[in-house]
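Coordinate inspection notes
Here is what each chain is made of, one letter per residue.
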Amino acid sequence: MAGTTTSDVRLIGAWPSPFVMRARIALNIKSVYYEFLQEQLGSKSDLLLKSNPVHKKIPVLIHGDRPICESLVIVQYIDDVWASGPSILPSDPYDCAIARFWAAYIDEKWFPSLSGIARAQGEEAKKAAIEQVVEGLVLLEDAFVKCGKGRAFFGGDTIGYLDIALGCYLGWIRVTEKMNNMKLLDEAKTPNLVTWADKFCGDGSVKDVMPETDKLAEFAKVLMAKFRAPPPN
Amino acid sequence: MTYGSNNIPPIELFIILVTPHPDQFIRFWCFSLTVAMSDELVLLSMWPSPFGLRVQIALAEKRVEYEYKEEDLFNKSSLLLTVNPVHKKVPVLIHNGKAICESLAIVEYIDEVWNDRSPLLPSDPCRRAEARFWADFVDKKAASKKVWRSKGEDQEEAKRELIEIFKVLEGELGDKPYFGGDNFGLVDIALVPFYSRFYTLDKFGNFSIEAECPVLVAWAKRCMKRESVFKSLPDSEKVYDFVLQVNKWFGIH
């Protein structure tokens, strides 16, 4: 983009990261222009290390000169600051608490089980890892029915906090399905989530930031090769 | 069940309300009390749980009455298993029949519902984000039990890691009275329950957290002067005895 003015809103991230995607979706929902500063795989920029000295991780939202870290903290911050746009968190305190509960479950229990599939050695271990992920998705299917109350998203008629918390992983879910030749989200066990996934990925605030499955699968191969490579002499 | 400052069960108030009475003031007063007392709040927790203590402190800060139900770690009630089927853990806050789980989600819920007093989060979005970041940091890093579940080099490493985490927190606290600045808030509530474990950590680790992290311990002692904290936190030696008992049960040491 032409011009040398520093954007008021900058996001340090990387296109494959589901956590970065959360921030991008939230900014898109609020129609906030931001400068996307992409980190390179295998190295961390000085700006990242300065802005997130505690965890040294992406995403980091820099608003003016204030850094905000941790993806779900960033999403809530975006909702608080750009209050005039569509709401991301539910207005009702109980619905909000339920959304926070499930977002914590997704990050602390469900996502580690998804990563567990790639780490599983052998057929038996892989099968067990897949079952664990599907069990979690069945719980989330139930949560969807209760939270969504018959509407398109966890948040109701528009994408909300819990949609963002789970939906950011859809690219990686599809890559895992492709690489293991099976379905994690299927019509039999999680019919509502199957419909929800399509609507989420097709939403205006999501479609330009959700990576294509093939591109992400290529990236996954590069990542796996990098972590399995012997250390340099 | 405690019913605020009175001990008249709501049903008797209701009877007064529906019985024709010439004095409108009395009818209105009974109606108001019935409405005020119809907020049913139950907390399922365990006395040593730092996560449960967060909720107790938050409710005390808001001066909200509730019924406390003690859960047995080795024999969880059917109520707990029903209201938290996903994790089967405490704390669970049940407000008018609706269950809320996950301690930090509960604390934010309490702050949102009783928003007319003692705010637990700042109003400025940037400071709110900072508070949530540090509360999340406490959750991810400060809850480790490795110091009392390991020995030898593993234990030494666990001690080093914990002190490093506490020093990061000291850095964030700086010379502020609380993590929330002048106001006791979310991060203080998230962290101070772990102060009840410091005696246990010192005994098992054969070190002194106060010597290593004097600023943090000074902050904890400052928090202990607040009624919400000193009335909630269990006795440190009682926590140590409990940890010994749990270790024995799990066959550790």
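Conventions adopted
Residues numbered from 1 in each chain as written. Chains lettered and ligands numbered in written order. Predicted model: local features only at pLDDT ≥ 70, side-chain atom pairs only at ≥ 80, totals over all residues. Heavy atoms only, no water. Contact = heavy atoms within 4.5 Å. Buried area = accessible area lost by both parts, 1.4 Å probe. Salt bridge = Lys/Arg side-chain N within 4 Å of Asp/Glu carboxyl O. Polar contact = N/O pair within 3.5 Å; in protein donor to acceptor, adjacent residues only side chain to side chain. Helix = DSSP H or I, 4+ residues; strand = E, 2+ residues; numbered from the N terminus. 1 Å grid on protein atoms, 1.4 Å probe; cavity = no way out; pocket = protein on both sides within 12 Å on 5 of 7 lines; lining within 4 Å. Points joined across faces, edges and corners; volume = space filled by probe spheres on them. Nonpolar A, V, L, I, M, F, W, Y, C, P; charged D, E, K, R; others polar. UniProt positions renumbered as here; feature names shortened; annotations may be inferred. Buried < 20%, exposed > 50% of the residue type's maximum accessible area, 1.4 Å probe, protein only. Pairing = 2+ DSSP bridges. Axes fitted to C-alpha atoms, helices over the stretch in contact; angles between N-to-C directions. Core = buried A, V, L, I, M, F, W, Y, C linked by side-chain atoms within 4.5 Å.

Our focus in this paragraph is the interface of chain A and chain B. Facing 25 residues of chain A, the contacting portion of chain B comprises 25 residues. Where chain A abuts chain B, roughly 2100 Å² becomes buried across the two surfaces, and 69% of that area is made up of carbon and sulfur atoms. Among the residues of chain A in contact with chain B, A:Tyr94, A:Arg100 and A:Phe101 are the three that bury the most area, contributing 27% of the side total. There are 6 salt bridges connecting chain A and chain B. When the shortest N-O distance is used, the salt bridge between A:Arg100 and B:Glu108 registers 3.2 Å. Along the contact surface separating chain A from chain B lie 5 residue pairs in polar contact (both at pLDDT 80 or more). Mapped onto the side of chain A that touches chain B, the elements with two or more residues apiece are β4 (66–69), α3 (71–81) and α4 (93–119) of chain A.

Residue and element names in this part refer to chain B. Per the stated rule, a full pass over the model turns up 1 cavity of 30 Å³ or more. Within this model, the largest cavity holds a volume of roughly 50 Å³. Of all elements in the fold, only α8 (152–173) and α10 (198–205) reach the threshold of two or more residues within the lining of the largest cavity. Grouping the constituent residues of the lining of the largest cavity by class yields 7 nonpolar, 1 polar and 1 charged.

The next point concerns the layout of surface pockets. Approximately 740 Å³ is the volume attributed to the second largest pocket. If you go around the second largest pocket, you meet 33 residues; those closest to its centre are A:Tyr94, A:Ile98, A:Trp102, A:Lys146 and A:Cys147. Elements with a minimum of two residues in the lining of the second largest pocket: α4, α5 (123–148) and α6 (161–167) of chain A together with α4 (78–83) and β4 (98–101) of chain B. Looking at the lining of the second largest pocket, the element that brings in the most residues is α4(A), giving 6 residues. Per-class residue counts for the lining of the second largest pocket are 20 nonpolar, 8 polar and 5 charged.

Per the UniProt entry, the sites bearing "domain: GST C-terminal" (unreviewed entry) are residues 92–223 of chain A in this numbering. Along residues 92–223 of chain A the backbone is 71% helical and 0% strand, and the end-to-end C-alpha distance reaches 41 Å.

The subject of this paragraph is the side chain of A:Arg22. Residues and elements named next belong to chain A. In this structure, Arg 22 sits in helix α1 (residues 18–29). Among the residues examined, Arg 22 registers a relative accessible area of 0% and is labelled buried. At a separation of 3.5 Å, a polar atom in the side chain of Arg 22 contacts the side chain of Tyr 169. The residues contacting Arg 22, other than those within four sequence positions of it, are Ser 71, Leu 72, Val 75, Ile 106, Asp 107, Ile 164, Ala 165, Cys 168 and Tyr 169.

Our focus in this paragraph is the pattern of salt bridges. Within the structure shown, the criterion is met by 26 salt bridges over all chains. Measuring nitrogen to oxygen at the nearest pair gives 3.5 Å for the salt bridge that ties B:Glu130 to A:Arg66. Of this pair, B:Glu130 sits in helix α6 (residues 125–141) while A:Arg66 sits in strand β4, which puts the two residues in different chains. Here B:Glu130 falls in the partly exposed class, since its relative accessible area comes to 36%. The shortest N-O distance in the salt bridge between B:Arg132 and B:Glu108 comes to 2.9 Å. Of the two residues, B:Arg132 sits in helix α6 while B:Glu108 sits in helix α5 (residues 103–113), which places them 24 residues apart along the sequence. Judged by its relative accessible area of 7%, B:Arg132 falls in the buried class. Members of the salt-bridge network, linked through shared partners, are A:Asp80, A:Arg100, B:Glu108, B:Glu112, B:Arg128 and B:Arg132.

All names here are of chain A. Reading across the sheet, the 4 strands line up as β2-β1-β3-β4 and stay open at both edges, with mixed pairing between neighbours. With partners counted over all chains shown, the strands left at the sheet margins are β2 (35–38) and β4, one partner each. On average, adjacent strands in this sheet sit at an angle of 20° to one another, irrespective of strand direction. This element, α1, spans β1 (9–13), β2 and β3 (60–63) of the sheet and lies at about 155° to β1.

Residues and elements named next belong to chain B. Taking strand neighbours across the sheet as the criterion, the 4 strands line up as β2-β1-β3-β4 in an open arrangement whose pairing is mixed. Of all strands in the sheet, those bounded by a partner on one side alone are β2 (67–70) and β4. Averaged over neighbouring strand pairs, the angle between their axes works out to 20° when direction is ignored. By the bridge criterion, 4 bridges tie strand β1 (residues 41–45) to β2 in an arrangement that is parallel. Each residue of the ladder has a partner; that of Ser 45, found in β2, is Glu 70. Contacts between helix α3 (residues 50–61) and the sheet are confined to β1, β2 and β3 (92–95), with β1 contributing the most and set at about 150° to the helix. Against the sheet, α5 engages β3 and β4, with an angle of about 30° to β3.

This part takes up the nonpolar core. In terms of nonpolar packing, the biggest core is built from 84 residues, with A:Trp110, A:Leu184, A:Trp196 and A:Phe200 touching the most fellow members. Here the element with the most residues in this core is α4(A); it accounts for 11 residues. Setting aside chain neighbours within four positions, we find A:Phe200 in contact with A:Ile25, A:Phe153, A:Ile159, A:Asp163, A:Ile164, A:Gly167, A:Cys168, A:Leu170, A:Val206 and A:Met210. Membership of the second largest hydrophobic core comes to 67 residues, among which are A:Ile12, B:Ala135, B:Ala142 and B:Ala158.

All names here are of chain A. Side chains Val 60 and Ile 62 project from β3 onto one buried face, and the interleaved Leu 61 and His 63 project onto a second face that is buried too. Here 4 bridges tie β1 to β3, and the two strands are oriented antiparallel to one another. Each bridged residue has a counterpart across the sheet, and for Val 9 the counterpart in β3 is His 63. Strand direction decides the pairing type here: β3 and β4, joined by 4 bridges, are antiparallel. Pairing of His 63 across the sheet is with Arg 66, part of β4. Connecting β3 to the next strand, β4, in antiparallel fashion are 2 residues, including Gly 64 with a positive phi near 70°.

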